[in-house]
Each structure stands twice: as structure tokens, then as C-alpha cells.
Amino acid sequence: MDIDTKLLRHFGELAREGNLTRTAQLLFITQPSLTKQIRKLETLMGVRLFSRGRHGMELTAAGSELAARLPDLLAGWDDLVHRTRGAARDAVRVLRVGFVTSAANEDTQPILAEFAGRRPGWRVEMRQTEWSDPTAGLAAGDVDVGLLRLPFPGQDRFHHEILITEPRWIALPVGHRLAHQRQIAFEEVLDEAFVATPEESGWWREYWLATEERRGHPVRVGTVARTPDEWLYAVAGGYGVSLTPRATASFYQRPDVVYRPLTGVAPSWVGVVWPCGDRTPSVVRDFVESCLTVRDRHPSVMVSGITGAEFPKSHRN
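1. Structural notes on the pairing of strand β7 (residues 168–173)
Turning to step 1, where the next piece is worked out: Counting buried residues along β7, six of its six residues qualify, which places the element largely inside the surrounding structure.
Turning to step 2, where the next piece is worked out: Burial along β7 is two-sided: R168, I170 and L172 facing one way and W169, A171 and P173 facing the other are all buried.
Turning to step 3, where the next piece is worked out: Looking at chain direction, β7 and strand β11 (residues 242–245) are connected through four bridges and run antiparallel. Opposite I170, over in β11, you have L243 as the bridge partner.
Turning to step 4, where the next piece is worked out: Examined bridge by bridge, β7 and strand β12 (residues 257–263) share five bridges and lie antiparallel to one another.

Below, the structure is given as C-alpha cells:
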């Protein structure tokens with residue numbers, strides 16, 4: 001019997017969390033997709049793994065047995081994958097760096113130059129992903145390290161160092177009623193339709209809709225975008241306004257979209273993020289050190305010393 005390890009990992013997450021909605025958010029998939037995967041695993045194994053209880057999803061006797069033995073199985077497999085990929089990475093001297101939007105802004109190239117000085121002969125492969133995965137492939141092991149927007153769901157499962165603190169601005173179609181203003185208060189756009197990230201991005205979606213700052217005021221989603229290009233077309237087309245990092249005004253300019261400073265919302269952060277564990281490859285450590293070196297050269301722009309305690313409380317995990 002052949003079973004995709006993804007099914008086992010998703011089972012393991014649900015076994016730990018005991019809640020379909022929370023687990024789906026951590027895995028950046030929809031709840032129906034998670035339910036379908038669990039049913040597929042049960043079919044393949046020929047046993048029932050969960051039952052619905054008063055407090056959520058409860059493991060059956062068979063599910064408990066699998067959950068108890070699964071960590072050692074996956075740890076062994078992860079070690080094998082880690083060593084295999086490490087050998088391949090070292091052989092071709094390519095470091096895979098994941099990002100979602102704008103990486104580390106204007107400091108991306110200085111970081112790459114610093115890394116090149118530390119690792120002559122190595123090449124950095126920048127991999128951009130859709131907004132459905134705020135970890136940019138790091139959670140799935142598709143990249144070695146990430147330059148990511150913080151906070152994001154499951155952040156506590158990774159090491160991270162904050163590089164940049166950046167205010168959230170707002171993007172508007174050029175003909176919008178507020179486009180002429182130099183600065184906009186968040187309360188002025190509470191009733192606007194917003195462009196949202198996909199549901200599988202978890203509470204990262206809520207963060208960029210500023211649901212915490214709304215204090216119960218409902219969100220009106222005009223449309224969903226998975227990539228920066230989709231997002232720009234949606235804003236330009238009048239399907240919704242959108243919160244965005246200040247750097248977007250530099251990296252994604254269009255004549256039919258305007259960007260304005262926004263008051264009344266917390267800032268966002270950019271961090272270098274890498275997997276937890278005591279076996280971080282030396283090349284990943286060199287990349288992290290390159291990020292910190294560039295950060296410390298520009299303390300007025302790249303802000304250090306910010307901890308998770310300063311993130312909004314509902315977005316720490």
C-alpha cells in the first residue's frame with residue numbers, strides 16, 4: 001500500500017490540533033480539502049481515524065495508534081529528504097529562497113551581494129509563490145529559506161529574524177473618491193469592498209483585511225487575488241481597495257492605481273525565516289547572516305530587536 005506522506009502530515013496536524021478549521025489554516029488549504037484528504041487516508045488504510053466529538057475531532061483507537069507512531073516515521077523520512085536535498089543543493093551550489101511579494105524590498109540585492117561574498121560560486125534561486133501560501137514554499141520544504149511578510153500562520157514553527165518594519169498603505173483605483181487625499185484614515189474605507197487573498201492563506205488573509213482594527217465591523221470582499229498581477233488588475237478595475245506594504249508603491253506602479261499612507265492600522269514586517277532544528281545547513285546560516293549584516297548597515301530603515309510579542313495577539317501563532 002502506497003500512501004502520500006502529505007496525507008500523513010495532514011493527519012498528524014489534525015491529530016495535534018483537534019480542530020478542522022484551525023488545522024486547515026495552518027496547512028494553507030481549505031477545510032473541505034482537508035476533510036477530503038483525511039477521508040482518502042481512511043479509505044487507503046481501511047480504518048476510521050477520527051470521530052466527531054463534543055470538543056471537535058477525536059481520534060479513534062486506530063487513529064491514536066497511528067498518531068503515536070507517526071512522528072518517528074516522518075522524522076526518519078524528513079531526515080532522508082533533508083540529506084538527499086542537501087547533497088543535491090551542495091552539488092549544484094544553488095540556494096532556494098522563497099518569497100511572496102517584493103522579498104526584502106530594496107535590500108534584496110544588497111543581501112544577495114553579501115551572500116555572494118560569503119559563498120563564491122553559489123547561486124541564489126529566488127522562487128515566488130502565490131498568496132495562498134504565505135510561507136512561500138518553506139512549510140512544504142520547496143525552498144531552503146524565505147524572505148517573508150510577518151506575521152503568518154504557523155510562524156512559531158520556524159526560526160525568524162525581523163529585517164524591516166513597514167507601514168501598511170492602501171491601494172485604490174485612480175478614480176476612487178479618496179484618491180486625491182494625501183493620507184487616508186482606515187475608518188474612511190471600512191465600508192469599501194476589499195481585494196482579499198485566498199481563504200487557504202488562513203488568518204494571513206484576515207491580517208491584510210485588518211479585521212482586528214475593524215473592531216467587529218464586517219468585511220466586504222469584492223474579489224480574491226492569488227498573485228500581485230491579479231491583485232493589481234482587481235484594484236485597477238474597481239473590484240476593491242486593498243491594504244498593502246508601503247514598498248508596493250515602488251515595486252508595482254501602474255497609472256490606474258494609486259497608493260496612499262493609511263492611519264489606524266498596525267505595520268507589517270519582513271523577516272528572514274528558516275526551518276527550526278539543530279541541523280541548519282551552513283549555507284542557510286550564511287544567508288541569514290547576510291540578511292542581518294545588511295539590516296545592521298541601515299538601522300534607520302531595517303529595524304532589529306522586534307519580537308513576536310509586538311505582533312497583534314491573534315496573529316502570533
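2. Points about the confidence of the model for the protein
Turning to step 1, where the next piece is worked out: When pLDDT is averaged across the protein, the result is 87; 91% of the residues are at 70 or more.
Turning to step 2, where the next piece is worked out: Scored below 50 in pLDDT, residues 300–317 shows 44 contacts in the model against residues more than four places distant or in partner chains.

3. Points about a nonpolar patch on the surface
Turning to step 1, where the next piece is worked out: Residues L44, M45 and V47 make up a contiguous nonpolar surface patch of roughly 190 Å² in combined accessible area.
Turning to step 2, where the next piece is worked out: Its place among the elements puts V47 in the loop between α3 (31–45) and β1 (50–53).
Turning to step 3, where the next piece is worked out: According to the relative accessible area criterion, V47 is partly exposed, its value standing at 33%.

4. Description of the pattern of salt bridges
Side chains that differ in sign of charge can pair as their charged atoms come close.
Turning to step 1, where the next piece is worked out: Overall, the coordinates contain 18 salt bridges when judged by the stated rule.
Turning to step 2, where the next piece is worked out: One salt bridge in this structure joins E17 and R157, with 3.5 Å as the shortest N-O distance. Separated by 140 residues along the polypeptide, E17 in helix α1 (residues 5–17) and R157 in the loop between β5 (145–150) and β6 (158–166) bring together distant segments of the chain.
Turning to step 3, where the next piece is worked out: Note on E17: relative accessible area 22%, which makes it partly exposed.
Turning to step 4, where the next piece is worked out: Residue R157 is classed as partly exposed on the basis of its relative accessible area of 34%.
Turning to step 5, where the next piece is worked out: Measuring nitrogen to oxygen at the nearest pair gives 2.9 Å for the salt bridge that ties R96 to D144. Note that R96 is positioned in strand β3 (residues 94–99) and D144 in the loop between β4 (123–128) and β5, a separation of 48 residues in sequence. Each of the two residues, R96 as well as D144, counts as buried.

5. Some details on α3
Turning to step 1, where the next piece is worked out: Along its 15 residues, α3 runs 21 Å from first to last C-alpha, staying within 8% of the 21 Å computed at 1.5 Å per residue.
Turning to step 2, where the next piece is worked out: Turning to α3, its buried residues number three or more, namely L34, T35, Q37, I38, L41 and E42. Along the long axis of α3, the arc covered by the buried residues comes to 160 degrees, so they all point the same way. Residues of α3 that are exposed and angled more than 90 degrees away from the buried face: P32, K36, R39, K40 and T43.
Turning to step 3, where the next piece is worked out: Looking at the residues trailing α3, positive phi occurs at G46, about 75 degrees.

6. Some points on the sheet that holds β6
Turning to step 1, where the next piece is worked out: The five strands lie next to each other as β4-β3-β5-β13-β6, forming an open sheet whose pairing is mixed. Two strands close off the open sheet at either side, each with one partner strand: β4 and β6. The sheet shows a mean angle of 25 degrees between the axes of neighbouring strands, direction not considered.
Turning to step 2, where the next piece is worked out: As paired elements, β6 and strand β13 (residues 268–275) share eight bridges and run antiparallel to each other. Note on β13: the bridge partner recorded for F158 is P275.

7. Some words on the state of the cysteines
In protein chemistry, a disulfide is the covalent bond that joins the sulfur atoms of two cysteines.
Turning to step 1, where the next piece is worked out: In the structure shown here, the tally under the stated rule is zero disulfides.
Turning to step 2, where the next piece is worked out: Not engaged in a disulfide, the cysteine C276 finds its nearest cysteine sulfur in C291; these two sulfurs lie 16 Å apart.
Turning to step 3, where the next piece is worked out: Given a relative accessible area of 41%, C276 falls into the partly exposed group.
Turning to step 4, where the next piece is worked out: For C291, a relative accessible area of 0% gives the class buried.

8. Considerations on the sheet that holds strand β8 (residues 184–185)
Turning to step 1, where the next piece is worked out: Strand order in the open sheet formed by four strands is β8-β12-β7-β11, with mixed pairing between adjacent strands. Pairing within the sheet leaves two strands with one partner each, and these edge strands are β8 and β11.

9. Focus on the packing of aromatic side chains
Turning to step 1, where the next piece is worked out: Summed over all chains, the structure comprises seven aromatic pairs.
Turning to step 2, where the next piece is worked out: Ring centres of F115 and F287 lie 5.8 Å apart, and the angle between their planes is 65 degrees; this geometry places the pair in the edge-to-face category. One end of the pair, F115, is in helix α5 (residues 108–118); the other, F287, is in helix α10 (residues 282–297), with 172 residues separating them in the sequence.
Turning to step 3, where the next piece is worked out: Measuring from centroid to centroid gives 6.4 Å for W231 and Y259, while their planes differ by 25 degrees, and the two rings are stacked. Within this pair, whereas W231 is found in helix α8 (residues 228–236), its partner Y259 is found in strand β12, the two being separated by 28 residues in sequence. Y259 matches W231 in its accessibility class, with the two residues each being buried.
Turning to step 4, where the next piece is worked out: Clustering of aromatic rings is evident, with ring pairs tying together W131, W231 and Y259.
Turning to step 5, where the next piece is worked out: The side chain of R119 reaches across the aromatic face of W122, ending 5.5 Å from its centre.
Turning to step 6, where the next piece is worked out: The cationic tip of R168 hangs over the ring face of Y207; the distance from NZ or CZ to the ring centre is 4.1 Å.

Basis of the calculations
Residues numbered from 1 in each chain as written. Predicted model: local features only at pLDDT ≥ 70, side-chain atom pairs only at ≥ 80, totals over all residues. Heavy atoms only, no water. Buried < 20%, exposed > 50% of the residue type's maximum accessible area, 1.4 Å probe, protein only. Helix = DSSP H or I, 4+ residues; strand = E, 2+ residues; numbered from the N terminus. Pairing = 2+ DSSP bridges. pLDDT = per-residue confidence, 0-100. Contact = heavy atoms within 4.5 Å. Patch = residues over 30% accessible without salt bridge, like charges linked within 9 Å, V, L, I, M, F, W, Y side chains within 5 Å. Areas by Shrake-Rupley, 256 points an atom, 1.4 Å probe, with all protein chains shown as cover. Salt bridge = Lys/Arg side-chain N within 4 Å of Asp/Glu carboxyl O. Expected span 1.5 Å × (residues − 1). Arc of directions from axis to C-beta. Axes fitted to C-alpha atoms, helices over the stretch in contact; angles between N-to-C directions. Disulfide = S-S within 2.5 Å. Phe/Tyr/Trp six-rings, centres within 6.5 Å; stacked < 30°, edge-to-face > 60°. Lys NZ or Arg CZ within 6 Å of the ring centre and 35° of its normal.

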